Amino acid sequence: MDDPKASNGSEETIVCYAPTMITTNGVWQGDNPLDYSLPLFILQLTLVVITTRVLVFILKPFRQPRVISEIVGGVILGPSVLGRSTGFANTIFPLRSVMVLETMANVGLLYFLFLVGVEMDISVIKRTGKKALVIAAAGMVLPFFTGIGFSFFLHKDSTSMNKYTYILFLGVALSVTAFPVLARILAELKLINTELGRIAMSSALINDICAWILLCFAIAVAENNNTSLASLWVILSSITFVIFCIFVVRPAISWIIRRTPEGETFSEFYICLILTGVMISGFITDAIGTHSVFGAFVFGLVIPNGPLGVTLIEKLEDFVSGLLLPLFFAMSGLKTNINAISGGATWGLLCLVIILGSAGKIAGTLLITLFYQMPVREGLTLGLLMNTKGLIEMIILNVGKDQRVLDDESFAIMVIVAVVMTSLITPVVTVIYRPARKFIPYKRRTIQRSKPDAELRVLVCVHTPRNVPTIINLLEASHPTKRSPMYVYVLHLVELTGRASAMLIVHNTRKSGRPALNRTQAQSDHIINAFENYEQHTTCVSVQPLTAISPYSTMHEDICNLAEDKRVAFIIIPFHKQQTVDGGMEATNPAFRMVNQNVLANAPCSVGILVDRGLNGSSRLAATQLSHHIAVLFFGGPDDREALSYAWRMSENQGISLTVMRFIPGDDATQPIRRNRSEDELIPEGKIVAVDGKEQMDKHDEMYINDFRAHTGNDESVIYREIIVNNGEETVASIRSMDINSHDLFIVGRGQGMISPLTAGLTDWSECPELGAIGDLLASSDFAATVSVLVVQQYVGDELNADMMEVQAYDQYAGLQLMNKRPTTMR
């Protein structure tokens, strides 16, 4: 009903609440489910989540952060688009349902900001350089004054909006930078591991903390704008609450952590106690006059980083950020009525706010970067990145709307400003900033081409800790020596999802002994500690651990860029299937397969896919000596030569027994067909030059086999066998007749770029073509093997000319031998 006594003459609506209208008796009783609170809320939540997810899918090709999809989804469902239909608005989002939606949205926001506090590492600010601190300050001051300037144009004299409070809200809203959203954008742009990305992240983190302090102050002033003394009490009470959390709550939680033995899970009682503490903190800060989210955020900050934080994140993150948080952004969109922006002058002012609001941050940041003698383009890019808006700005605007500091028009303008500013960042930065990769050209891109007395650089990719033991045993068997040391770059691959930021972190920069910030870091630390322990107990090996967090679709770019940057000769990446308890093979994550295929297609060096079935093998001969039986199946071609080259290096280790089985076509075998590697679906056209000519290829194989036999002829640990077969069936039969499980590791070539009669027909039924015919056979669950397999693909891009030169040299050598009547040793 309308209240005629409204002081400002506007109409106010009073909604009556009926307790019996929560759940329905059912449609068969003649009830409409949408007339009841719970069914209506379920429908609204479902609609919000579906709309958001559809928009995320649509905007993904444009590299837009998820926050844009969530806000735009709310705007579409709100009065600006679908809500213009009175029937839709009254049926799906009636006025009586707003209270339930708002309550649930704020509960989601409460726990989300608690998780943000748990994950945030305040100590980072102490380690942040002076440059980032000054850039953060400059990036806030100028936009703040720009907001003050605009407030005089946007503010309308009315009793519901205090002018000075309005100025404060607008200034804070324009000056903030959203740290989580910025991290996502830097990840998409592949800038996170650059100096520019590190400065942007550090500056945004400082900006975020300052924004929280300003938000607390703005809320205190907004809710008590008529009594300055009340505002003072609010601020003092908030400071008291923070001190209480630091000196009382934190020690109490530390006591809970100490009472839980290391490695054991925390009891449900403690978890429930902490989750209740979040609600109590929100209640206290709401009661003293600050927003409830401030209490939840501070409560999260005082929880020590470590197992407890990991447990809380695991239990809450997916539900809160995936289901409840979109409600908050949807409510922001539902409150946004673009139709409230009336007149061309107002729309012109909106454009001016967007342009000058962005210009304020860009100008402030650019001035400081010029002072630090950074390039103008980098300064401009950094200024654009600092314009990223997100959660904290939406909280500011929502509080301003609820406290009637902002009217419908001002709120709509600022929401549009946030969306437009953030959505433009990725496309604009992509155009103006394209950092040129300055790689040092290098020739040793394969193991075969690496000199025996030179270092061997290997990039090891790891998905989970389960991959670690076999890879470490493989590296240990690779025979690092003082003459030929190994440099191992360990890259932990993590998918970029939700709010996770894409980072390439050199773990050596982290303080030793620091607890993990989240589950990903805990898993990464486990992997890194294993490899660092391997480095400490092994001579002539240097390990550099890193973590790459990016979408699976572009993960291969991180791998290939790092391989080229570090001048790596060999990449080892795990197979997408793992062995089950019953000996079968099951896919752990189908996306891993796509990563492997992309790496094979784009790698700047040789690649090995490791089918992990354990590599413990026989007992060690001594505390520092391995004992492994390794087999190489050699069919010919560059991939097989690379596989033999790696096994040859391993055979120099005293604990390694090597068996090389060379398959030779018999008299009844058909002629092999050579084809261009670029015709293979996994190899981009033009990437690898065709190898035509059966004679040249055979000569190169023969030359390499002869060289291998000449150097290992007196080595009793190396066995060389030749097996004559005529077709694929005979090849399979020969392999099956071997005592496969007496070996610890099979090393085989992928065999791409050629079709051999010895493997003809095997690819027709192969499950994983990326392993090649023989690799797929050995990795198959039907093969009943319990031995690990390393499938090798040689990089032949720049090596082909060298190969041909060696073949020509071999021809000359063979010709001289013939002239001198000295028969060459062929087998």
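Structure: see above.
Every value quoted in this text rests on a predicted model; they were computed, and no experiment measured them.

**A short note on the overall build of the protein chain**
(1) Moving on: Counting its regular elements, the protein chain contains 26 helices and 15 strands.
(2) Moving on: Split into buried and exposed, the 827 residues of the protein chain put 54% on the buried side.
(3) Moving on: Contacts in the protein chain between residues far apart in sequence, at least 24 positions, make up 80% of those at least 6 positions apart.
(4) Moving on: With the model as given, the accessible surface of the protein chain reaches about 37,500 Å², and the carbon-plus-sulfur share is 58%.

**Topic: the packing of helix α2 (residues 66-77) against helix α13 (residues 307-335)**
(1) Moving on: The geometry of α2 relative to α13 is characterised by a closest axis approach of 7 Å and an angle of 50 degrees between their N-to-C directions. Between α2 and α13, the interaxial angle falls into the category oblique. For the pair α2 and α13, the sense of crossing is right-handed. Between α2 and α13, the residues in contact are R66, V67, E70, I71, G74, V75 and L77 and S321, G322, P326, F329, A330, G333 and L334, respectively.
(2) Moving on: Classifying every residue of the contact of α2 with α13 gives 8 nonpolar, 4 polar and 2 charged.

**Description of the nonpolar core**
(1) Moving on: Among the nonpolar cores identified, the biggest contains 119 residues, and L113, F114, I303, L385, L391 and I395 are the most heavily contacted of them.
(2) Moving on: It is helix α9 (residues 195-223) that contributes the most residues to this core, 14 residues altogether.
(3) Moving on: Residues within four places of L113 in sequence aside, it is in contact with W212, V293, A296, F297, L391 and I395.
(4) Moving on: By size, the runner-up hydrophobic cluster in this structure holds 54 residues, among which are I573, A603, L758 and L778.

**Points about the pairing of strand β4 (residues 541-550)**
(1) Moving on: In terms of burial, β4 is a largely internal element, 8 of the 10 residues being buried.
(2) Moving on: Pairing of strand β2 (residues 486-495) with β4, which is carried by 10 bridges, proceeds in the parallel orientation. Paired with V494 across the strands is I549, a residue of β4.

**Remarks on the environment of I472**
(1) Moving on: Within the secondary structure, I472 is located in helix α18 (residues 468-477).
(2) Moving on: Taking the C-alpha atoms as reference, I472 lies 9.7 Å from V460; in sequence the two are 12 residues apart.
(3) Moving on: Apart from residues no more than four positions distant in its own chain, I472 is found in contact with A530, F531 and Y534.

Cut-off values and rules
Residues numbered from 1 in each chain as written. Predicted model: local features only at pLDDT ≥ 70, side-chain atom pairs only at ≥ 80, totals over all residues. Heavy atoms only, no water. Helix = DSSP H or I, 4+ residues; strand = E, 2+ residues; numbered from the N terminus. Buried < 20%, exposed > 50% of the residue type's maximum accessible area, 1.4 Å probe, protein only. Contact = heavy atoms within 4.5 Å. Areas by Shrake-Rupley, 256 points an atom, 1.4 Å probe, with all protein chains shown as cover. Axes fitted to C-alpha atoms, helices over the stretch in contact; angles between N-to-C directions. Parallel < 35°, antiparallel > 145°, perpendicular 65-115°, else oblique. Left-handed = near helix turned anticlockwise from the far one by under 90°. Nonpolar A, V, L, I, M, F, W, Y, C, P; charged D, E, K, R; others polar. Core = buried A, V, L, I, M, F, W, Y, C linked by side-chain atoms within 4.5 Å. Pairing = 2+ DSSP bridges.

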